[in-house]
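Structural overview
Residues per chain are reported as follows:
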Amino acid sequence: MTVTTDTDALEVWINHDLCTGDGICAQYAPDVFELDIDGVAYVKNGPDAELLTGPEARVPVPVDLVLAVIDSAQECPGECIHVRRASDQVVVAGPDAEAA
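Here's what I pulled together on the structure shown here.

Criteria and cut-off values
- Residues numbered from 1 in each chain as written.
- Predicted model: local features only at pLDDT ≥ 70, side-chain atom pairs only at ≥ 80, totals over all residues.
- Heavy atoms only, no water.
- Helix = DSSP H or I, 4+ residues; strand = E, 2+ residues; numbered from the N terminus.
- Rg over C-alpha atoms; globule rule 2.2 N^0.38 Å.
- Buried < 20%, exposed > 50% of the residue type's maximum accessible area, 1.4 Å probe, protein only.
- Contact = heavy atoms within 4.5 Å.
- Areas by Shrake-Rupley, 256 points an atom, 1.4 Å probe, with all protein chains shown as cover.
- Lys, Arg positive; Asp, Glu negative; His and termini not counted.
- Charge placed at Lys NZ, Arg CZ, Asp CG, Glu CD.
- Pairing = 2+ DSSP bridges.
- Core = buried A, V, L, I, M, F, W, Y, C linked by side-chain atoms within 4.5 Å.
- Axes fitted to C-alpha atoms, helices over the stretch in contact; angles between N-to-C directions.

Focus on the overall build of the protein
- When its secondary structure is counted, the protein shows two helices and seven strands.
- Listing each helix as α and each strand as β along the protein from the N terminus yields β-α-β-β-β-β-α-β-β.
- By the compact-globule yardstick of 13 Å for 100 residues, the protein fits well, its C-alpha radius of gyration being 12 Å.
- In terms of principal-axis extent, the alpha carbons of the protein reach across some 35 × 25 × 20 Å.
- Sorting the 100 residues of the protein into buried and exposed places 41% on the buried side.
- Of the contacts formed within the protein by residues at least 6 apart in sequence, a portion of 57% connects residues at least 24 apart.
- Accessible surface, the protein: about 5700 Å² in total, of which carbon and sulfur atoms supply 48%.
- Looking at charge distribution, the protein has the averaged site of its 4 positive side-chain charges lying 6 Å from that of its 19 negative ones.

Section: the sheet that holds strand 3 (residues 41–44)
- Reading across the sheet, the three strands line up as 2-3-4 and stay open at both edges, with antiparallel pairing between neighbours. A single partner strand is all that each edge strand has here, and the edge strands are strand 2 (33–35) and strand 4 (51–52).
- Bridge count between strand 2 and strand 3: three bridges; the pairing is antiparallel. Across the sheet, Glu34 pairs through a bridge with Tyr42, a residue of strand 3.

A look at the nonpolar core
- Of all hydrophobic cores here, the largest spans 28 residues; its most connected members are Val12, Val32, Phe33, Val69, Ile81 and Val83.
- Mapped onto this core, the elements with two or more residues apiece are strand 1 (10–14), strand 3, helix 2 (66–75), strand 6 (81–85) and strand 7 (91–93).
- Setting aside chain neighbours within four positions, we find Phe33 in contact with Val12, Ile14, Cys25, Ala26, Tyr42, Val43, Lys44, Val69, Ser72 and Ile81.

Regarding the sheet that holds strand 7
- What the four strands build is an open sheet, ordered 5-1-6-7; its pairing is antiparallel. Of all the strands in the sheet, just strand 5 (59–60) and strand 7 have a single pairing partner and so form its edges.
- Looking at chain direction, strand 6 and strand 7 are connected through two bridges and run antiparallel. Note on strand 7: the bridge partner recorded for Arg84 is Val91.
- Packing of helix 2 onto the sheet brings it into contact with strand 1, strand 6 and strand 7, and relative to strand 6 it is tilted by some 135°.

With respect to unusual backbone geometry
- Here Glu79, not a glycine, exhibits a phi torsion of approximately 50°, which is positive.
- Tracing the backbone through its elements, the reader meets Glu79 in the loop between helix 2 and strand 6.
- A positive phi angle, near 65°, is found at Gln89, a position not held by glycine.
- For Gln89, the location among the structural elements is in the loop between strand 6 and strand 7.
- Taking relative accessible area as the criterion, Gln89 reaches 40% and is therefore assigned partly exposed.

Purely spatial values, then, with no claim about function.
Shown next as structure tokens:
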């Protein structure tokens, strides 16, 4: 898959039902992902922000963390991280990403 780092805004979310709690995402991008006490990863909108626990919780991907978030989605053993362009809703990383 070819990854671009153009200026299209990206958003990320986690399917909590598939999360295995390995924490790879939190290691790659701790400003975006965090494991909660339940052992499941959640997204957050910044390093000191509250975890967004709703099933549809999505956050924008900071420009400086695009590659880390995409790597998180590609390396996630639970295949539960989804990254898409906000402009056209095309999934660019994660289990539903279109092959390049």
